[in-house]
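Structural characterization, general
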Amino acid sequence: MVNQDITSCTSNFKIASNNYADYFKKKDSSLLKQALFHIEKSLNCQQTRRGAIDLKISLLSLLKEYKRGYEFIDSLNDNDFTAKYKKGMDYNYFLALEYEAKSDTANRNKLLNETVTNIQNYIRQKDISKENFPEEAYYDFYFIKKRFMNFGEINAELNFLKKEYPQEKDFFDGLGTVNEQKHEVNSSESQ
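Residues numbered from 1 in each chain as written. Predicted model: local features only at pLDDT ≥ 70, side-chain atom pairs only at ≥ 80, totals over all residues. Heavy atoms only, no water.

Examining the packing of aromatic side chains
- The final tally for this structure, using the stated rule, is 14 aromatic pairs.
- Consider the rings of tyrosine 70 and tyrosine 91, whose centres lie 5.6 Å apart with planes at 65°: the pair is edge-to-face. Residue tyrosine 70 is located in helix α4 (residues 66–74), and its partner tyrosine 91 is located in helix α5 (residues 86–101); the two are separated by 21 residues in the primary sequence.
- Ring centres 4.9 Å apart and planes at 90° place the aromatic pair phenylalanine 141 and tyrosine 142 in the edge-to-face group.
- Accessibility expressed as a relative area gives 4% for phenylalanine 141, which makes it buried.
- Here the aromatic residues Phe133, Tyr138, Tyr165, Phe171 and Phe172 are joined through ring pairs into a cluster of three or more. (Phe/Tyr/Trp six-rings, centres within 6.5 Å; stacked < 30°, edge-to-face > 60°. Helix = DSSP H or I, 4+ residues; strand = E, 2+ residues; numbered from the N terminus. Buried < 20%, exposed > 50% of the residue type's maximum accessible area, 1.4 Å probe, protein only.)

Next comes the structure, spelled out in structure tokens:
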């Protein structure tokens, strides 16, 4: 019986992942809804739980189901996340998007700033070494910052970090490239 449950969880996770990938090729939002249906069935197995949580969060964000997103995150345990700041980050992110959808940028920015501070505190507490560099935390940090900071400010910070951590130059260059691409998309959308 347990193996059958694991098989079902794995199969549903794979279907959901394929639907998610196909969405980006076809831009058909019904694929996101199908993925959400299947991902629910893979939340019950330990082997697929963490991946299913991450995928469900992405699906709810793409579907702009912000309230459902922060309610889902609130229902989870801290140990369902890879780092202690992530539950709060995801919760605040969905809530911030809900405020943004209501044109309430003051509350959006307040939540995003709180999230950035929490991630920054997490990074400061890490014993940073080549083997223990918190790439995921820095990625999350700038993912959130890009929601309310401009291209130039972020690039200045990244340039400073490249000097502070020269062994991580390639990583910070990669973050800068993502930042530049977002800037180009935003510039073309505003024209």
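Things to note about the confidence of the model for the protein chain
- Considering every residue of the protein chain, the mean pLDDT works out to 89; 90% of them sit at 70 or more.
- Here residues 182–191 is a poorly scored stretch, pLDDT under 50, and it has two contacts once near neighbours within four places are set aside; other chains count. (pLDDT = per-residue confidence, 0-100. Contact = heavy atoms within 4.5 Å.)

What about the state of the cysteines?
- For the coordinates displayed, the defined rule picks out one disulfide.
- Linked covalently through their sulfurs, cysteine 9 and cysteine 45 form a disulfide whose S-S length is 2.0 Å. Across the S-S bond of cysteine 9 and cysteine 45 the torsion is about 70°, and the bridge reads as right-handed. Taken as a pair, cysteine 9 in helix α1 (residues 2–26) and cysteine 45 in the loop between α2 (29–41) and α3 (46–62) lie far apart in primary sequence, 36 residues in all. (Disulfide = S-S within 2.5 Å.)

A look at unusual backbone geometry
- Even without a glycine there, the phi angle at lysine 27 is positive, about 55°.
- In this fold, lysine 27 is placed in the loop between α1 and α2.
- Look at lysine 27 and you get exposed, because its relative accessible area is 56%.
- Unusually for a residue other than glycine, lysine 64 sits at a positive phi of about 60°.
- Mapping lysine 64 onto the fold places it in the loop between α3 and α4.
- In this structure lysine 64 comes out as exposed when scored by relative accessible area, which is 60%.

Remarks on the environment of glutamine 34
- In this fold, glutamine 34 is placed in helix α2.
- Relative accessible area serves as the criterion here: at 39%, glutamine 34 is assigned to the partly exposed category.
- Counting along the chain gives 14 residues from glutamine 34 to tyrosine 20, while the straight-line C-alpha distance between them is 8.8 Å.

Looking at the packing of α3 against α4
- Direction vectors running N to C along α3 and α4 enclose 160°, while the axes themselves pass 8 Å from each other. When the interaxial angle is binned, α3 and α4 end up roughly antiparallel. Between α3 and α4 lies a crossing of left-handed hand. For the pair α3 and α4, the contacting residues are Ile53, Lys56, Ile57, Leu60 and Ser61 in the first and Tyr66, Arg68, Gly69, Phe72 and Ile73 in the second. (Axes fitted to C-alpha atoms, helices over the stretch in contact; angles between N-to-C directions. Parallel < 35°, antiparallel > 145°, perpendicular 65-115°, else oblique. Left-handed = near helix turned anticlockwise from the far one by under 90°.)

Things to note about the environment of glycine 51
- Tracing the backbone through its elements, the reader meets glycine 51 in helix α3.
- With a relative accessible area of 31%, glycine 51 lands in the partly exposed category.
- Spatially, the C-alpha atoms of glycine 51 and serine 17 are 9.7 Å apart, while their sequence positions differ by 34 residues.

Section: helix α6 (residues 105–125)
- With 21 residues, α6 extends 30 Å from end C-alpha to end C-alpha; this agrees with the ideal 30 Å at 1.5 Å per step.
- Among the residues making up α6, those that are buried are Arg108, Leu111, Leu112, Thr115, Val116, Ile119, Tyr122 and Ile123. Seen from one end, α6 has its buried residues packed into an arc of 140°, which puts them on one side. Residues of α6 that are exposed and point more than 90 degrees away from the buried face comprise Ala106, Lys110, Arg124 and Gln125. (Expected span 1.5 Å × (residues − 1). Arc of directions from axis to C-beta.)

Here we look at helix α8 (residues 151–164)
- Compared with the 20 Å implied by 1.5 Å per residue over 14 residues, the 20 Å span of α8 between its first and last C-alpha is a close match.
- The opening residue of α8, the one whose side-chain oxygen lies 3.0 Å from the backbone nitrogen of glycine 152, is asparagine 150. (Polar contact = N/O pair within 3.5 Å; in protein donor to acceptor, adjacent residues only side chain to side chain.)

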